[in-house]
Amino acid sequence: DVKVTQSSRYLVKRTGEKVFLECVQDMDHENMFWYRQDPGLGLRLIYFSYDVKMKEKGDIPEGYSVSREKKERFSLILESASTNQTSMYLCASTSPGQGVQETQYFGPGTRLLVL
Amino acid sequence: AQSVTQPDIHITVSEGASLELRCNYSYGATPYLFWYVQSPGQGLQLLLKYFSGDTLVQGIKGFEAEFKRSQSSFNLRKPSVHWSDAAEYFCAVGTGNTGKLIFGQGTTLQVKP
């Protein structure tokens, strides 16, 4: 069965802390994504990666960085957490399509509160 | 620019009633279209997707959606809603084989007993 896991379901951090959110998939997918979800705004893409050590900015990359050292793992880093980064963070993965777009599979999400 | 609009933020229906959730997209080429559902505290689960062919697509949990190119719409329907369908629903358009998706704002469905 398809599996995307995220290291924490809930996280509380202080302003200025460095925060790591981890995502692991077991489907051998090349492409991985980080989104943040806010009420009324839907899901917005922060970063994505289409291969190990490769990354591309999404729509809202400011204040975030990512790391992909292994194919199955994609980390989101908040270098210095701020209160406006309080949100739900969702990780997803997919394989590159062969002429079609494949389904994205999502993890359960991490709800981050920055105080 | 590509975009997805879900005009209804909240919808309330009675259990057993029919449901239609609206989705409009803006995309230059033939779109790849998806509907996802998110139950409280959960990640997103794929309900159905449209790539080509038959414009009426069947999904899981009794849902279906119809692609109408002339209206740039991909509305989600269910003939009889169950209390367990209460959730948030997201429409998304795919932008190609990188797998990137553009999501709508979401529609929260409440089901009255």
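A. Geometry of the interface of chain B and chain A. With 24 residues of chain B at the contact, the number on the chain A side is 24 residues. Contact between chain B and chain A buries roughly 1,900 Å² in total, counting both sides, with carbon and sulfur atoms accounting for 53%. For the interface between chain B and chain A, the tally reads zero salt bridges. When contributions to the side of chain B that touches chain A are tallied by element, the ones reaching two or more residues are strand S5 (32-38), strand S6 (44-50), strand S10 (87-94) and strand S11 (101-103) of chain B. Looking at the side of chain B that touches chain A element by element, the count peaks at four residues for S5(B). Considered class by class, the residues forming the side of chain B that touches chain A number nine nonpolar, 12 polar and three charged.

B. Representation of the nonpolar core within the structure. One finds B:Leu19, B:Trp35, B:Leu47, B:Leu48, B:Phe74, B:Leu76 and B:Tyr89 to be the most contacted residues of the largest nonpolar core, which totals 27 residues. Of all elements in the fold, only strand S2 (10-14), strand S3 (19-21), S5, S6, strand S8 (64-68), strand S9 (73-78), S10 and strand S12 (107-112) of chain B reach the threshold of two or more residues within this core. The biggest single contributor to this core is S10(B), with four residues. With residues up to four places along the chain from it excluded, the contact list for B:Leu19 reads B:Ile11, B:Val13, B:Phe63, B:Leu76, B:Arg77, B:Lys78, B:Val81 and B:Leu109. Core analysis: the second largest hydrophobic core is formed by 21 residues, A:Met32, A:Ala81, A:Cys91 and A:Leu112 among them.

C. View of the pattern of salt bridges. Residues and elements named next belong to chain A. For the coordinates displayed, the defined rule picks out 11 salt bridges over all chains. Among the salt bridges present, the one from aspartate 38 reaches arginine 44, with a minimum N-O distance of 2.8 Å. Judged by relative accessible area, which is 13%, aspartate 38 ranks as buried. Each of Asp28, Glu30 and Lys71 takes part in one network of salt bridges that share partners.

D. Broad picture of the sheet that holds strand S8 (residues 73-78) of chain A. All names here are of chain A. The four strands lie next to each other as S1-S3-S8-S7, forming an open sheet whose pairing is antiparallel. At either end of the open sheet lies a strand with only one pairing partner, and these are strand S1 (4-6) and strand S7 (64-70). Going from strand to strand, the sheet's axes swing by 20 degrees on average, the running direction of each strand aside.

About the thresholds
- Residues numbered from 1 in each chain as written.
- Chains lettered and ligands numbered in written order.
- Predicted model: local features only at pLDDT ≥ 70, side-chain atom pairs only at ≥ 80, totals over all residues.
- Heavy atoms only, no water.
- Contact = heavy atoms within 4.5 Å.
- Buried area = accessible area lost by both parts, 1.4 Å probe.
- Salt bridge = Lys/Arg side-chain N within 4 Å of Asp/Glu carboxyl O.
- Helix = DSSP H or I, 4+ residues; strand = E, 2+ residues; numbered from the N terminus.
- Nonpolar A, V, L, I, M, F, W, Y, C, P; charged D, E, K, R; others polar.
- Core = buried A, V, L, I, M, F, W, Y, C linked by side-chain atoms within 4.5 Å.
- Buried < 20%, exposed > 50% of the residue type's maximum accessible area, 1.4 Å probe, protein only.
- Pairing = 2+ DSSP bridges.
- Axes fitted to C-alpha atoms, helices over the stretch in contact; angles between N-to-C directions.

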